[in-house]
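Structural description and commentary
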Amino acid sequence: NYLRAQGAAGALARYRRAGISAVFPSTTASAITTSFTGATPFEHGLTGWFTYFGAAGCVAAPMPFRTRGDNLPLAARGVSPSHVFTEPSMFDSLAVRTIVVTHRSIVNSDYNRYYCGRAERRAYDNLEGFVAETEAAVKSGPERKFIYTYWPEFDTLSHRHGVGSPQTRAQFERLDAAFGELVARLSGTDTLIVATADHGFLDSAESECLTLDAASGLAGLLRFPLCGERRVAFCHVQEGRVPEFTARARDWLGDRAEVRPSRELADEGWFGSGRAHVRFAERIGDVALMMNGCYTVKDWTPGEPRHLHIGNHGGASDDEMRIPLVVAQV
């Protein structure tokens with residue numbers, strides 16, 4: 001929807017073939033893991049930016065591989081990626097040379113080292129480097145190659161300023177031009193370029209950003225801090241208190257959210273099909289808060305900076321779930 005509204009005359013729109021669906025939750029941790037593995041969130045078990053990992057005994061963010069709140073490396077708890085990640089890298093199953101091009105700040109992260117498998121990893125520092133390193137990867141040898149490239153800045157600015165902001169619009173225009181430049185530089189190399197997004201965005205007004213401490217006593221019924229996303233939060237409720245929590249959450253949220261048993265979403269196929277991750281049930285908790293409209297829900301833990309995103313994703317709205325399929329044969 002953003003591409004159609006803001007980039008109709010640009011390079012990405014010129015090569016857009018269709019709209020396709022993101023995974024649910026429509027968020028980076030779930031979607032990029034699907035890109036790296038070919039597995040659904042139901043199979044790979046990463047169900048949001050924050051996930052409860054029983055093997056670590058805490059809620060953590062799998063991509064930075066750090067605990068929630070105190071922001072400590074999971075390695076400090078003796079937890080390695082193989083303790084919480086299970087799906088193998090798709091790149092290891094391909095019978096061609098594989099290369100991953102990503103930002104220097106994350107190229108050697110625990111998450112990337114695990115899910116990139118045996119793929120070569122190349123780093124860049126800015127958008128010009130992103131184009132140059134992708135071009136260099138394509139032209140690094142005559143053999144067939146699969147090259148995966150990732151640009152994070154549109155997401156970062158959309159969270160901070162809103163997807164409708166001038167800052168994000170300027171970023172999009174630079175990215176669109178960079179895609180056109182990449183197409184031109186790769187002309188004649190017999191390369192198929194496929195571009196998409198991990199998710200979409202919507203903007204939330206301050207009045208639409210709900211915090212759990214505004215609901216008297218609700219947080220006290222939880223075993224752990226909220227997991228998942230601000231647009232779809234997974235609640236791990238104290239034993240025997242699920243009916244009470246559900247009723248109180250529905251009273252508080254009203255038509256601002258659907259309050260549903262998490263297992264119902266899994267049974268209905270929201271997270272995709274396949275064989276369930278061995279710890280999938282613990283990762284989605286007991287109750288899901290699925291926010292309507294542009295509403296979000298958030299709780300706070302000690303040591304966590306208090307800020308509210310303007311741009312959000314993770315929910316099931318069209319703006320969050322519909323992503324473009326862009327294909328250029330050069």
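In this report, we go over the structure that sits alongside the text. Since we're looking at a predicted model, the values are computed, not measured.

Only one face of strand S8 (residues 192–195) is buried, namely the one carrying Ile 193 and Ala 195, since none of Leu 192 and Val 194 on the opposite face is buried. The sheet contact formed by S8 and strand S17 (residues 322–329) spans four bridges and is antiparallel. The residue bridging Ala 195 from the neighbouring strand is Val 326, located in S17.

Turning to the nonpolar core, a few remarks are in order. Counting residues in each nonpolar core, the largest one holds 28 residues, and the members touching the most others are Phe 179 and Ile 193. Listing elements by their share of this core, those giving two or more residues are helix H1 (2–6), helix H2 (11–14), strand S5 (97–103), helix H7 (127–138), helix H9 (166–185), S8 and S17. Residue contributions to this core peak at six residues, all from H9. Not counting chain neighbours up to four residues away, the residues in contact with Ile 193 comprise Phe 179, Val 183, Leu 186, Val 326, Val 327, Ala 328 and Val 330. In this structure, Cys 58, Met 63, Phe 85 and Ala 119 belong to the second largest nonpolar core, which totals 22 residues.

A few words on the packing of helix H8 (residues 153–161) against H9. The description of two packed helices rests on the angle between their axes and on the distance between the axes. Here H8 crosses H9 at 170°, and the two axes come no closer than 8 Å. Taken together, the axes of H8 and H9 are roughly antiparallel relative to one another. On H9, the residues touching Glu 153, Phe 154, Leu 157, Ser 158 and His 161 of H8 are Gln 167, Thr 168, Gln 171 and Phe 172.

Let us now look at the pattern of salt bridges. Any two side chains of opposite charge can pair, on the condition that their charged atoms come close. The final tally for this structure, using the stated rule, is 22 salt bridges. A salt bridge links Glu 120 to Arg 97; its shortest N-O distance comes to 2.6 Å. Placement of the pair is Glu 120 in strand S6 (residues 120–124) and Arg 97 in strand S5, with a sequence separation of 23 residues. Relative accessible area serves as the criterion here: at 22%, Arg 97 is assigned to the partly exposed category. With a shortest N-O distance of 3.2 Å, Glu 304 and Lys 298 are connected by a salt bridge. Given the relative accessible area of 15%, Glu 304 is considered buried. When salt bridges that share partners are traced, they join Arg 68, Lys 298, Asp 299 and Glu 304 into one network.

Turning next to the packing of aromatic side chains. The tally for this structure, following the rule as stated, stands at 23 aromatic pairs. With centroids separated by 5.6 Å and ring planes inclined at 70°, the aromatic side chains of Phe 36 and Phe 91 adopt a geometry described as edge-to-face. A residue pair is termed long-range when its members are at least 10 positions apart, and Phe 36 in helix H3 (residues 28–37) and Phe 91 in the loop between helix H5 (81–84) and S5 qualify at 55 residues. Residue Phe 91 is classed as buried on the basis of its relative accessible area of 3%. Taking 5.6 Å as the distance between ring centres and 55° as the angle between the ring planes, the aromatic pair formed by Phe 130 and Trp 151 counts as tilted.

Turning to its location among the elements, Phe 245 is positioned in helix H10 (residues 242–253). The spacing of Phe 245 and Asp 286 is 41 residues in sequence and 10.0 Å in space, taken between C-alpha atoms. Residues contacting Phe 245, with those up to four places away along its chain left out, are Leu 218, Leu 221, Leu 222, Cys 235, Val 237 and Val 287.

Side chains Cys 58 and Ala 60 project from strand S3 (residues 58–61) onto one buried face, and the interleaved Val 59 and Ala 61 project onto a second face that is buried too. For strand S2 (residues 51–53) and S3, the ladder comprises three bridges, and the chain directions are antiparallel. In the strand pairing of S3, Thr 51 is matched with Ala 60. As paired strands, S3 and strand S4 (residues 66–67) are joined by two bridges and run antiparallel to one another. If you follow Ala 60 over to S4, its bridge partner there is Thr 67. Hairpin connection from S3 to S4: four residues lie between these consecutive antiparallel strands, with Phe 65 at a positive phi of about 60°.

Right, let's get into the packing of H7 against H9. At their nearest, the axes of H7 and H9 sit 10 Å apart, and the two run at 25° to each other. Taken together, the axes of H7 and H9 are roughly parallel relative to one another. The two elements H7 and H9 cross, and the hand of that crossing is right-handed. Touching Leu 127, Glu 128, Val 131, Ala 132, Thr 134 and Glu 135 of H7 are Arg 174, Leu 175, Ala 178, Glu 181, Leu 182 and Arg 185, all from H9. For the contact of H7 with H9, the class distribution of residues is six nonpolar, one polar and five charged.

Conventions used here
Residues numbered from 1 in each chain as written. Predicted model: local features only at pLDDT ≥ 70, side-chain atom pairs only at ≥ 80, totals over all residues. Heavy atoms only, no water. Buried < 20%, exposed > 50% of the residue type's maximum accessible area, 1.4 Å probe, protein only. Helix = DSSP H or I, 4+ residues; strand = E, 2+ residues; numbered from the N terminus. Pairing = 2+ DSSP bridges. Core = buried A, V, L, I, M, F, W, Y, C linked by side-chain atoms within 4.5 Å. Contact = heavy atoms within 4.5 Å. Axes fitted to C-alpha atoms, helices over the stretch in contact; angles between N-to-C directions. Parallel < 35°, antiparallel > 145°, perpendicular 65-115°, else oblique. Salt bridge = Lys/Arg side-chain N within 4 Å of Asp/Glu carboxyl O. Phe/Tyr/Trp six-rings, centres within 6.5 Å; stacked < 30°, edge-to-face > 60°. Left-handed = near helix turned anticlockwise from the far one by under 90°. Nonpolar A, V, L, I, M, F, W, Y, C, P; charged D, E, K, R; others polar.

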